[in-house]
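# A closer look at the structure
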Amino acid sequence: QVQLVESGGGLVQTGGSLSLSCAVSGRAFSSYAMGWFRQAPGKEREFVAGITWRRGITVYADSVKGRFTISRDNAKNTVYLQMGSLKPEDTAVYYCASISRPVTEPATMMRENEYDYWGQGTQVTVSS
């Protein structure tokens with residue numbers, strides 16, 4: 001019902017920047033908030049950043065605060081993740097995901113189990 005497609009991944013040098021996009025299609029109106037998660041080889045998937053569609057309220061993992069910025073373009077049904085000051089530990093497959101119910105507390109977006117739809121992921125590799 002909701003399809004999410006990530007793009008923009010690639011190889012970047014330590015300290016560099018990269019911007020990811022997540023296009024939402026299908027029943028996009030059923031999405032109330034979006035999040036970015038990442039999963040490195042051998043590790044659990046972890047929360048990166050989240051944003052609500054209506055108010056644009058954001059929440060970030062401590063590990064990316066001050067370096068990453070999540071934003072959205074409601075008209076384009078697209079969410080972005082601008083990543084700066086990249087470190088090798090940022091290397092992972094990055095996934096976008098959608099929450100299909102109202103979010104009133106930003107911390108809700110940090111919980112993986114709140115998300116109903118997931119994209120296929122895009123690889124981000126930060127070289128050292």
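Below: a short report on this structure.

Rules and cut-offs
- Residues numbered from 1 in each chain as written.
- Predicted model: local features only at pLDDT ≥ 70, side-chain atom pairs only at ≥ 80, totals over all residues.
- Heavy atoms only, no water.
- Helix = DSSP H or I, 4+ residues; strand = E, 2+ residues; numbered from the N terminus.
- Rg over C-alpha atoms; globule rule 2.2 N^0.38 Å.
- Buried < 20%, exposed > 50% of the residue type's maximum accessible area, 1.4 Å probe, protein only.
- Pairing = 2+ DSSP bridges.
- Axes fitted to C-alpha atoms, helices over the stretch in contact; angles between N-to-C directions.
- Contact = heavy atoms within 4.5 Å.
- Phe/Tyr/Trp six-rings, centres within 6.5 Å; stacked < 30°, edge-to-face > 60°.
- Lys NZ or Arg CZ within 6 Å of the ring centre and 35° of its normal.

## Some details on the overall build of the protein chain
- When its secondary structure is counted, the protein chain shows zero helices and 11 strands.
- Its helices and strands in sequence order give the protein chain the pattern β-β-β-β-β-β-β-β-β-β-β, from N to C terminus.
- A globule of 128 residues ought to have a C-alpha radius of gyration of about 14 Å, and the protein chain, at 13 Å, matches this closely.
- Considering only C-alpha atoms, the protein chain reaches an extent of 40 × 30 × 25 Å along its principal axes.
- Burial analysis of the protein chain (128 residues in total) assigns 44% to the buried set.

## Notes on the sheet that holds strand β3 (residues 18-26)
- An order of β1-β3-β8-β7 is seen for the four strands of this open sheet, with the pairing classed as antiparallel. Of all strands in the sheet, those bounded by a partner on one side alone are β1 (2-7) and β7 (68-73). Looking at each pair of strands side by side, their axes are set apart by 15° on average, direction ignored.

## What about the environment of A23?
- Along the chain, A23 turns up in strand β3.
- Since its relative accessible area comes to 37%, A23 is described here as partly exposed.
- In this structure, the C-alpha to C-alpha distance between A23 and Y117, residues 94 residues apart in sequence, is 12 Å.
- Setting aside its immediate chain neighbours within four residues, A23 contacts Q3, L4, V5, N77 and T78.

## Section: the pairing of β3
- Strand direction decides the pairing type here: β1 and β3, joined by six bridges, are antiparallel. Note that in β3 the partner of V5 across the bridge is A23.
- Here β3 pairs with strand β8 (residues 78-83) via six bridges, running antiparallel. Counterpart to S19 in the pairing with β8 is Q82.

## Looking at the packing of aromatic side chains
- This model, assessed by the stated rule, comprises four aromatic pairs.
- Between F37 and F47, the ring centres sit 5.5 Å apart and the planes meet at 75°, which makes this aromatic pair edge-to-face. Of this pair, F37 sits in strand β4 (residues 33-39) while F47 sits in strand β5 (residues 46-52), and the two are 10 residues apart along the sequence.
- The class of F47 is buried, set by a relative accessible area of 10%.
- Consider the rings of F37 and Y115, whose centres lie 5.0 Å apart with planes at 85°: the pair is edge-to-face. Highlighted residues: F37 in strand β4 and Y115 in the loop between β9 (92-99) and β10 (117-118), separated in sequence by 78 residues. Taken as a pair, F37 and Y115 share a single burial class, namely buried.
- Every member of this aromatic cluster is reached through a ring pair, and the members are F37, F47, Y115 and W118.
- It is R45 that lies over the ring of Y95; its NZ or CZ is 5.3 Å from the centre.

Keep in mind these values describe shape, not function.
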